[in-house]
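Listed here are the chains, written in short residue letters.
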Amino acid sequence: MSPDGLGRAGRYQLSQLRALESQSIHILREVAAEFERPVLLFSGGKDSLVMLHLAEKAFWPARPPFPVLHVDTGHNFPEVLEFRDRRVAEASAQLLVASVPEAIAAGRVAEPQGPDASRNRLQTPVLLAAISEHRFDAVFGGARRDEEKARAKERVFSFRDEFGQWDPKNQRPELWSLFNGRHRPGEHIRVFPLSDWTELDVWEYVAAEELEVPSIYFAHRREVFRRDGMLLAASDLLPLRDGEEVFEATVRYRTVGDLTCTGAVESAASTVPEIIAEVAAARVTERGATRADDRTSDSAMEDRKREGYF
């Protein structure tokens, strides 16, 4: 054991995290230098809060030189919204909210109907409208290449056409970590600073930096019901079907989002080290295990990304 209390594995882990941190900070600074109107997507989830923390480090002692944007379905977990507002205020960042309920009220999008209705797909047109309204030319997203196969096709700088759409066959090479941000008016670039991170890296970084995360990531007692192999939160937004019953269980969430399609997992992990141990042993990605909207087809995420999804 070395004098710093870390064994060889511990020192390697920290050096790996510092390499990832350095790479992400380089990407954030490149975007700030190349683009006129960048924005950081921020849901209050673990990936976006790591991005915000990296942005604070990248531009310290100044505040991040771009606003943060949350696409709010109106069906988010209250714990996450409280955390979102508090964390953005701590960073002295400007928070913009693109509201799905407001878009529905204005007739710009239609409220989904039916037993499996979810507002999650409505995030795409609302996001594209916000990008157009504010003339954002670069949009930071928290996608990682280990979470979903469509996101593994992304470049770090992902070109989007004038309609905000993504064509995986029309992306630019990134040899030697050289990023091409060239675009015409109306087009924009989605930028993914966490491209080389994994879910485990994110949690180990949360531990190393002692970052606060929303409380629903930790094991807690909650009323849930089982649907299609998932544990969904008991809510007036989710009428029970025949045979479904509400019960109380100790659960936590691996990802946060619209509560109508975000499932919990049974877990006793109530600390960050316990979550790290649980994630290290997991064999299913968090979206694959807990997001109902990703289960509609094998290409569900890719289809939505082609339309302009995150």
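Description of the structure in this document. These figures come from a predicted structure and were not determined experimentally. (Residues numbered from 1 in each chain as written. Predicted model: local features only at pLDDT ≥ 70, side-chain atom pairs only at ≥ 80, totals over all residues. Heavy atoms only, no water.)

A look at the sheet that holds strand β10 (residues 265-266)
In step 1: The sheet built from four strands is open, its strands ordered β8-β7-β9-β10 with antiparallel pairing. Edge positions in the sheet fall to β8 (230-233) and β10, since each of these pairs with one other strand and no more.
In step 2: Taken together, the five bridges between strand β7 (residues 220-227) and strand β9 (residues 247-252) define a ladder with antiparallel strand orientation. Its bridge partner lying in β9, Glu 223 is registered against Glu 248. (Pairing = 2+ DSSP bridges. Helix = DSSP H or I, 4+ residues; strand = E, 2+ residues; numbered from the N terminus.)

Considerations on the packing of aromatic side chains
In step 1: Scanning the entire structure with this criterion turns up seven aromatic pairs.
In step 2: Ring centres 5.0 Å apart and planes at 20° place the aromatic pair Phe 157 and Phe 179 in the stacked group. Of the two residues, Phe 157 is situated in strand β5 (residues 157-160) and Phe 179 in the loop between β5 and β6 (188-191); the sequence distance between them amounts to 22 residues. For the pair Phe 157 and Phe 179, a shared accessibility class is recorded, and that class is buried.
In step 3: Among the aromatic side chains, those forming a connected cluster through ring pairs are Phe 35, Phe 157 and Phe 179. (Phe/Tyr/Trp six-rings, centres within 6.5 Å; stacked < 30°, edge-to-face > 60°. Buried < 20%, exposed > 50% of the residue type's maximum accessible area, 1.4 Å probe, protein only.)

Keep in mind these numbers describe shape, not what the thing actually does.
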